[in-house]
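Analysis of the macromolecular model
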Amino acid sequence: MEFDKPQIYHEKQRLQFCLLHALNNLFQQKDEFTRASLDAIAQKLVLDDPNKQNRTPFSIVFKPHHNSLTGNYDINVLIAALEEKGKTVAWHDRRNGASSIHLDNHSNGSEDSKLFGIVLNVQVRRYAGLWKSRHWVALRKIGGVWYNLDSDLSEPMAFQDADEVRGFLDCIIGQGGEVLLVMNEKE
């Protein structure tokens, strides 16, 4: 008997817009966030910044929370964008390893669940190792299966089970990556 595989939305990497892709992949919706909406969030963060007088001439392109040409948004934009959608971000304490993450307390579209998904910030090397930077990646449980929705992948990668997800997360932590738990906000 063949079962219906869920339709999975997956944006692929373009320039340094990995946060944009990670957010849309996390929410499983094209244009849930756009470049304009993330730019607006980044601009609001600048306006709300009490230290905005410390800008340099390079700040025209290399803005405090993103690069205006290529994207490359920072954690502040991620947190503000998720808060706009009623989500909160909990930094995972790397000292505890991935075994302390309750992956079975996930959201399958249900707002009753605490864990909505996971966002990773990992170190990457590009252009034959000459360029070192950070990359945003989303993980989400869809139809009872956890998926790696990395925009650098040609298609989403399904994990076999929660233990495989934890092993993957432990590897990310071991390589200096950050694990951010995206939680459904509770009253």
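The notes below deal with the structure included here. From a predicted model like this one, the values you see are computed outputs, not experimental measurements.

Below, the discussion takes up helix H4 (residues 162-174). The first and last C-alpha atoms of H4 sit 18 Å apart over 13 residues, in line with the 18 Å expected at 1.5 Å per residue. Every buried residue of H4 is listed here: Ala162, Val165, Arg166, Leu169, Ile172 and Ile173. The buried residues of H4 occupy an angular sector of 120° when projected down its axis, which confines them to one face. Residues of H4 that are exposed and angled more than 90 degrees away from the buried face: Asp163 and Gly174. Here H4 starts with a cap whose side-chain oxygen sits 3.2 Å from the backbone nitrogen of Asp163, and that cap is Asp161. Gly176 sits one or two residues past H4 and shows a positive phi near 90°.

On to unusual backbone geometry, then. Phi at Gln28 takes a positive value of approximately 55°, unusual for a residue other than glycine. Take Gln28: it is sitting in the loop between helix H1 (18-27) and helix H2 (35-48).

It is worth spelling out the packing of aromatic side chains at this point. All chains considered together, the criterion is met by three aromatic pairs. Seen in terms of ring centroids, Phe27 and Phe33 are 5.7 Å apart; in terms of plane orientation they differ by 65°. Their pairing is edge-to-face. For the pair formed by Phe27 and Phe33, the shared burial category is buried. Through a chain of ring-to-ring contacts, three or more aromatic side chains come together here, namely Phe27, Phe33 and Phe116. Across the ring face of Phe116, the terminal group of Arg140 is positioned such that the distance to the ring centre comes to 4.1 Å.

Definitions and limits used
Residues numbered from 1 in each chain as written. Predicted model: local features only at pLDDT ≥ 70, side-chain atom pairs only at ≥ 80, totals over all residues. Heavy atoms only, no water. Helix = DSSP H or I, 4+ residues; strand = E, 2+ residues; numbered from the N terminus. Expected span 1.5 Å × (residues − 1). Buried < 20%, exposed > 50% of the residue type's maximum accessible area, 1.4 Å probe, protein only. Arc of directions from axis to C-beta. Polar contact = N/O pair within 3.5 Å; in protein donor to acceptor, adjacent residues only side chain to side chain. Phe/Tyr/Trp six-rings, centres within 6.5 Å; stacked < 30°, edge-to-face > 60°. Lys NZ or Arg CZ within 6 Å of the ring centre and 35° of its normal.

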